[in-house]
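Coordinate analysis (summary)
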Amino acid sequence: MLTIYNDQHALHHGKFEMFRGELVPCFEVPARADYVLRALQERRLGAIESPQDFPDSAITGVHSQRYVDFLARAWEEWVALDPANAQRDAIPSYWPVRTFRSDVLPASFPARMGLFSYDAGSPLTSGTWTAARAGACCALTAAQQVLGGTRAAFALTRPPGHHAGMDFFGGYCFLNNAAIAAQALRDGGAARVAVLDVDYHHGNGTQAIFYDRADVFFASVHGDPHTEYPYYLGYADETGADAGQGCNLNLPLPRGTGFAAWRDALGMALKAIAAFGADAIVVSLGVDTFEGDPIAGFQLKSADYLRVGEDIAAAGLPTVFVFEGGYAVAEVGINAVNVLQGFDLKSG
Ligand code: OKP
Ligand code: ZN
């Protein structure tokens with residue numbers, strides 16, 4: 001498995017996230033990627049290459065220009081509010097919910113930060129834009145390799161991406177790397193692309209980006225949003241809109257679900273992707289489905305991830321893996337690389 005990696009991910013290093021009325025240390029830390037990199041090297045899974053650079057147009061295919069402009073300048077605006085802010089992460093605290101306007105961009109930076117986000121758990125730091133942009137370039141490079149005939153490639157990136165929407169950040173995500181890769185596959189000639197999201201949390205951003213499109217199928221297995229983050233999207237009755245009707249499949253499962261039931265759901269997602277007639281797959285590879293994950297509730301064991309990789313390989317399609325969640329830091333490398341190794345063994 002070819003891996004695309006860049007150490008600029010470490011420039012995104014949030015200190016604290018808001019959780020139930022207090023600031024707690026961030027779960028989404030640079031060490032996560034370090035563990036995955038080390039596991040890849042130890043198992044000699046294949047070449048590890050640096051990303052190429054891509055123009056902003058590769059990002060604005062799925063994100064709005066005004067959101068990209070906001071992100072690119074956010075840190076300098078935050079520090080301009082108060083020089084002491086250089087020592088503090090930026091966290092939003094106002095949001096324009098229903099009845100407020102989102103067509104007017106307030107001059108106030110905190111007001112704009114709220115307009116472009118949906119939670120207080122995703123601190124924006126001095127290096128967030130650089131890290132997120134480098135991550136998107138990893139996803140784009142992986143997609144480029146797969147378009148060029150490589151069977152599969154893994155974008156080892158953080159921060160994750162699948163909660164980020166067309167014009168908002170949240171859930172630790174700023175740029176939707178999986179959506180950016182899927183759009184690049186489309187632009188590069190794949191007529192029909194599927195995004196398979198196996199992270200514990202529903203990929204609300206990816207779903208929303210492609211919800212009314214017939215050319216990108218979104219399938220997700222995740223914790224039931226009635227009780228699990230992101231709560232407001234990810235229900236089974238969300239099947240797509242307009243031309244995209246029938247091109248969205250949510251398979252929510254109760255907290256506590258173990259591998260047998262989870263694997264059945266994965267099988268349903270893969271069956272739907274085959275029926276859709278996808279030419280390529282982008283996998284949002286979160287391993288927070290692990291039994292030891294501190295912020296999630298499924299019960300997968302490390303060895304189960306080998307089977308996950310095998311099942312995905314059996315689809316027989318060119319595949320871009322994009323790293324998402326997984327917060328049991330010491331095990332995140334074993335679990336993610338088990339998926340990739342299972343895939344490699346099965347696909348020969
Ligand atoms: C990102 B990804 C934890 C509360 C949950 C948001 C979780 C985002 C997960 N204190 N906060 O899907 O792995
Ligand atoms: Zn997750």
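Everything in this summary refers to the structure shown in the same document. (Residues numbered from 1 in each chain as written. Chains lettered and ligands numbered in written order. Predicted model: local features only at pLDDT ≥ 70, side-chain atom pairs only at ≥ 80, totals over all residues. Heavy atoms only, no water.)

**Brief notes about the nonpolar core**
In plain terms, the rule: What is meant by a nonpolar core is a set of buried Ala, Val, Leu, Ile, Met, Phe, Trp, Tyr and Cys residues, joined one to another through side-chain atoms within 4.5 Å. Buried residues are those whose accessible area, probed at 1.4 Å on protein chains only, stays under 20% of the maximum for their type, while exposed residues exceed 50% and partly exposed ones sit between those limits. Contacts are assigned to residue pairs with any non-hydrogen atoms lying within 4.5 Å of each other.
One finds F154, L196, W262 and F321 to be the most contacted residues of the largest nonpolar core, which totals 53 residues. In contact with W262, other than residues within four places in its own chain, are V198, V221, L253, T257, T289, F298, L300 and V308. The next biggest cluster of nonpolar side chains, apart from the first, holds 51 residues, and it includes A74, L115, L140 and A179.

**What about helix α7 (residues 259–276)?**
To keep it simple, the criterion reads: Runs of E in the DSSP output that reach at least two residues are strands. Runs of H or I that reach at least four are helices, and both are numbered from the N terminus. Take the number of residues in a helix, subtract one, and multiply by 1.5 Å to get its expected span. As used here, the arc belongs to the directions running from the helix axis to the C-beta atoms.
Across its 18 residues, α7 extends 25 Å between first and last C-alpha, which sits within 8% of the 26 Å expected from 1.5 Å per residue. If you check which residues of α7 are buried, you get F259, W262, A265, L266, A269, L270, A272, I273 and F276. For α7, the buried positions fall inside an angular range of 160° around the axis, keeping them on one side. Residues of α7 that are exposed and point more than 90 degrees away from the buried face comprise A260, D264, K271, A274 and A275. Buried-residue contacts for α7 involve β6 (193–197), β7 (216–223), β8 (248–253), β9 (280–285) and α8 (304–313).

**What about a nonpolar patch on the surface?**
Convention followed: Grouping into patches uses exposed residues only, defined as over 30% relative accessible area, and leaves out salt-bridged ones; the cut-off is 9 Å for like charges and 5 Å for nonpolar side chains (Val, Leu, Ile, Met, Phe, Trp, Tyr). Using the Shrake-Rupley algorithm and a 1.4 Å probe, accessible areas are obtained, with residue cover drawn only from the displayed protein chains. Definition used for salt bridges: Asp or Glu carboxyl oxygen within 4 Å of a side-chain nitrogen of Lys or Arg.
Together, F16, M18 and L23 give the surface a local cluster of nonpolar side chains, amounting to about 280 Å² of exposed area. Structurally, M18 is set in strand β2 (residues 16–19). Classification of M18 by relative accessible area gives partly exposed; the value is 40%.

**Points about the site of ligand 1**
Heads up, the condition is: When we say a residue is near a molecule or strand, we mean one of its heavy atoms is within 4 Å of it. By the criterion applied in these results, polar contacts are pairs of N or O atoms within 3.5 Å in which, for protein atoms, one can donate a hydrogen and the other can accept it, and in which residues neighboring in sequence qualify only through two side-chain atoms.
Near ligand 1 lie 14 residues; those nearest to it are H162, H163, D199, D288 and Y327. E17 has a polar side-chain atom sitting 3.4 Å from a nitrogen atom of ligand 1. A distance of 2.6 Å separates an oxygen atom of ligand 1 from a polar atom in the side chain of H162. Within the complex, 92% of the 410 Å² of free accessible area of ligand 1 lies under protein.

**Some details on the packing of α7 against α8**
What counts here: In this analysis an axis means a line fitted to C-alpha atoms, helices contributing only their contacting stretch, and an angle means the value between N-to-C directions, from 0 to 180 degrees. Any angle from 65 to 115 degrees is called roughly perpendicular, while one under 35 is roughly parallel, one over 145 is roughly antiparallel, and all others are oblique. Take the far helix as the reference: if the near one is turned anticlockwise from it by less than a right angle, the crossing is left-handed, and if turned clockwise, right-handed. Residues are sorted three ways: Asp, Glu, Lys and Arg are charged, Ala, Val, Leu, Ile, Met, Phe, Trp, Tyr, Cys and Pro are nonpolar, and all the rest, Gly among them, are polar.
It is the contact of α7 with α8, at a shortest axis distance of 11 Å, that shows an interaxial angle of 15°. One finds that α7 runs roughly parallel with respect to α8. As for how α7 packs across α8, the hand of that crossing is right-handed. Side by side, α7 and α8 meet where F259, W262, R263, L266 and L270 of the first sit next to D304, R307, V308, D311 and I312 of the second. Here the residues of the contact of α7 with α8 are counted per class, giving six nonpolar, no polar and four charged.

**Some thoughts on the packing of helix α1 (residues 31–42) against helix α9 (residues 329–347)**
Where α1 meets α9, the closest approach of the two axes is 8 Å, and the angle between their N-to-C directions is 50°. When the interaxial angle is binned, α1 and α9 end up oblique. Where α1 crosses over α9, the handedness of that crossing is right-handed. Taking contact as the criterion, the partners of A31, R32, Y35, V36, A39 and L40 in α1 are, on α9, V329, A330, V332, G333, I334, A336, V337 and L340. Of the residues assigned to the contact of α1 with α9, the class counts are twelve nonpolar, one polar and one charged.

**Concerning the pattern of salt bridges**
Within this structure, the stated rule accounts for 15 salt bridges. In this structure, R255 and E228 form a salt bridge, with 2.6 Å as the shortest nitrogen-oxygen distance. Of this pair, R255 sits in the loop between β8 and α7 while E228 sits in the loop between β7 and β8, and the two are 27 residues apart along the sequence. We note a salt bridge from R307 to E310, for which the minimum N-O separation is 3.1 Å. Here R307 and its partner E310 are both found in helix α8, three residues apart, which amounts to about one turn of the helix.

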